[in-house]
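Listed here are the chains, written in short residue letters.
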Amino acid sequence: MDGRWWRSATLYQVYVRSFQDSDGDGYGDLRGIISRLDYLEWLGIDGVWLSPTMPSPDQDWGYDVSDYLGVHPELGTMDNMDELIAEAGRRGMRVLLDLVPNHTSTAHPWFVESASSRQSLLRDYYVWADPAPGGGPPNNWLDFTGHSAWQWDDRTRQFYLHNFLATQADLNWWRPAVHEEFRNILRFWFDRGVAGFRIDVAQGLYKDALLRDNPPAERADPMDSPFGQRSEYNVNRPEVHAVYRDWRAIADRYYPPRLLLGETWVGQLRQLAAFYGVDDELQLAFNFPFVFAGFAADDLAGVVAGTLAALPDGGCPVWTASNHDVGRFPSRWCGGDDAKVRLALLVLATLPGALVLYYGDEIGMSDVAVPPNLVRDKLGGHSAWPGRDRGRTPMPWDNSPTGGFTAPGVTGWLPLGDNSVTNVAAQRRDPGSVLAFCRELLRLRRAESGRRLGEYRTLAAPAGVWRYATGGLAVTANFTEGPIRLGSPPDQVLLSTSPDRGEADPATLAPWEGIITTWTG
Ligand code: NOJ
């Protein structure tokens, strides 16, 4: 056993502020998560990734860190974190944290010191530059809101760089001391028992040393060419790979090795594959071409085949379809249709590699329309991302007025969606629910993947149907509005998305039905 537990794992992203409030302030917190660990164990989760937990002024809800070695007081204490890691461990689950190495909050002591004078010893922890000849920002780079990525600082009369909000100053990775800071941050958390990190803006970090202008976009592509320019020089620089080789060496010194899971926001599969190195960089890299693929057999099968072909030997794919930025797949892919939600879950959980569910995916939770007066996200909605609050609303645990998320009478930080039907308690009672289906699916996944995870091959299928064999399973997924007649009735159906399979004609798949059968071919 080489300790690479994540290769067939089911991870679960907890958006901490929205999962479970334990102290009645309307925000989810670490003790709330501890109180829900039994549920996650029951569901069949191997590890949780917590959205940012470090102290932050919350201009971007924790993605503006002001102390990398602490716990945000609104979310809990270091003791709570230790307890969460221990209690998860007792239930066979691991805990990953979110690490933000591309930028810090401007309230971070490093930035405060750096901005104090041009002579500061930490001046070059950040990217400072003089105005362009004739005045104005040093170059044409744009931040994620489509405005100049440069903020003028009157005190020291230079600009600093920010790829996101002006309160999120980009670190200068050309400075060796920044590398040393992050090595220490990694070791600090790994020594505490943190199983790994999801790495924010993993394609960021380095910027062109000459600060060259980005070229105009050749084609509209929100991923690598937002706002009419191609992000050639401000992200995805070749030097970033050495950082991950360095971190991987640190991660590999632990047993089990610590996991580096990158938020690799790149549009091309070959760029994605590069983050695996030769199995010496990130062990998992999020696949956004898959997230943004159409919910159609050819589209999804195409990205899967392309991914598997692009990854280096030993590279483990990771499949996900919802998160706190892109929103929820039950809305984006499925338009709230439960049959499609089950089909999406079936495919996600049977593709070879790691799976990351977003809290609520397991109950088919949809995006929630958040009225303008309740919006909490300062970045989405004004940026390349549409408003992100829709995918961050509180977990509906039951059908009570607060959904069991917070104490009775307390108003949550974001509004609940319609929790009359879509809630955990009701779905736990209903053997025909999405939750019951998802749990059974994860049970099957765990039972199979322990033995034979790996190979994937597509099998002949009618138009609109995606058929593949992986390990000891065959999946037949009908992505059409109509019934599909199979050549012959399937052998042994281990699981179907259709609650009516028992009574149905065994050789016909209902619209949007997917089945898992044993595969011996
Ligand atoms: C990606 C994170 O997922 C997102 O929520 C955040 O706003 C940006 N990175 C900036 O840290």
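These numbers were taken from a predicted model, which means no experiment stands behind them. (Residues numbered from 1 in each chain as written. Predicted model: local features only at pLDDT ≥ 70, side-chain atom pairs only at ≥ 80, totals over all residues. Heavy atoms only, no water.)

## Some remarks on the environment of His-382
Looking at the secondary structure, you find His-382 in the loop between β13 (354–358) and α12 (424–429). Judged by relative accessible area, His-382 falls into the exposed class, the value being 52%. Along the chain, His-382 and Ala-477 lie 95 residues apart, while their C-alpha atoms are 37 Å from each other. (Helix = DSSP H or I, 4+ residues; strand = E, 2+ residues; numbered from the N terminus. Buried < 20%, exposed > 50% of the residue type's maximum accessible area, 1.4 Å probe, protein only.)

## Examining the sheet that holds strand β20 (residues 514–518)
Read from one edge of the open sheet, 5 strands run β14-β15-β16-β20-β18, paired in antiparallel fashion. What marks the edges here is a single partner per strand, and that holds for β14 (456–458) and β18 (493–496). For this sheet, the mean angle separating the axes of adjacent strands, direction not counted, is 20°. Pairing of β18 with β20 involves 3 bridges; the strand directions are antiparallel. Bridge assignment links Ser-496 to a residue of β20, and that residue is Ile-515. In the packing of helix α9 (residues 297–310) onto the sheet, the strands contacted are β14 and β15 (465–470), and the crossing angle to β15 comes to about 30°. (Pairing = 2+ DSSP bridges. Axes fitted to C-alpha atoms, helices over the stretch in contact; angles between N-to-C directions. Contact = heavy atoms within 4.5 Å.)

## Comments concerning the pattern of salt bridges
In this structure the tally under the stated criterion is 33 salt bridges. The residue Glu-87 makes a salt bridge to Arg-90 at a minimum N-O spacing of 2.6 Å. Here Glu-87 and its partner Arg-90 are both found in helix α3 (residues 78–90), 3 residues apart, which amounts to about one turn of the helix. Across the salt bridge formed by Asp-154 and Arg-157, the nearest N and O atoms sit 3.2 Å from each other. Via salt bridges that share partners, Asp-60, Asp-325, Asp-377, Arg-388 and Arg-392 belong to a single interconnected network. (Salt bridge = Lys/Arg side-chain N within 4 Å of Asp/Glu carboxyl O.)

## Remarks on unusual backbone geometry
Here the bond from Tyr-255 into Pro-256 is cis, since omega is -10°, no more than 30 degrees from zero. Topologically, Pro-256 is positioned in the loop between α6 (240–251) and β10 (259–262). Even without glycine at this site, Val-201 takes up a positive phi of about 45°. With respect to the helices and strands, the residue Val-201 is situated in the loop between β9 (196–199) and α6. Residue Val-201 is classed as buried on the basis of its relative accessible area of 5%.

## A short note on the site of the ligand
Looking at the ligand, there are 14 residues lining it, with Asp-60, Arg-198, Asp-200, His-324 and Asp-325 nearest. With respect to the ligand, the side chain of Asp-200 contributes an N or O atom lying 2.7 Å from an oxygen atom. Here an oxygen atom of the ligand sits 2.7 Å away from a polar atom, N or O, in the side chain of His-324. In the complex, the protein chains occlude 100% of the 300 Å² of accessible area that the ligand would expose alone. Taken together, the residues of the shell around the ligand break down into 5 nonpolar, 2 polar and 7 charged. (Near = heavy atom within 4 Å. Polar contact = N/O pair within 3.5 Å; in protein donor to acceptor, adjacent residues only side chain to side chain. Areas by Shrake-Rupley, 256 points an atom, 1.4 Å probe, with all protein chains shown as cover. Nonpolar A, V, L, I, M, F, W, Y, C, P; charged D, E, K, R; others polar.)

## Overview of the confidence of the model for the chain
Within the chain, residue pLDDT values average 95, and 98% of them lie at 70 or more. Ranking the elements of the chain by mean pLDDT puts helix α13 (residues 434–452) last, at 88, and strand β4 (residues 103–105) first, at 99. (pLDDT = per-residue confidence, 0-100.)

## As for the packing of aromatic side chains
In the structure shown here, the tally under the stated rule is 46 aromatic pairs. Ring geometry for Tyr-27 and Trp-413: centres 5.9 Å apart, planes at 35°, overall tilted. Highlighted residues: Tyr-27 in the loop between β1 (10–14) and α1 (30–35) and Trp-413 in the loop between β13 and α12, separated in sequence by 386 residues. Taken together, a centroid distance of 5.2 Å and an interplanar angle of 45° make the contact between Trp-173 and Phe-182 tilted. A single burial state applies to Trp-173 and to Phe-182, both of which are buried. Taken together, Phe-290, Phe-295, Trp-319, Phe-329, Trp-333, Tyr-456, Trp-466, Tyr-468, Phe-479 and Trp-512 form an aromatic cluster joined through their ring pairs. Against the face of Trp-42 rests Arg-428, its NZ or CZ located 3.9 Å from the ring centre. (Phe/Tyr/Trp six-rings, centres within 6.5 Å; stacked < 30°, edge-to-face > 60°. Lys NZ or Arg CZ within 6 Å of the ring centre and 35° of its normal.)

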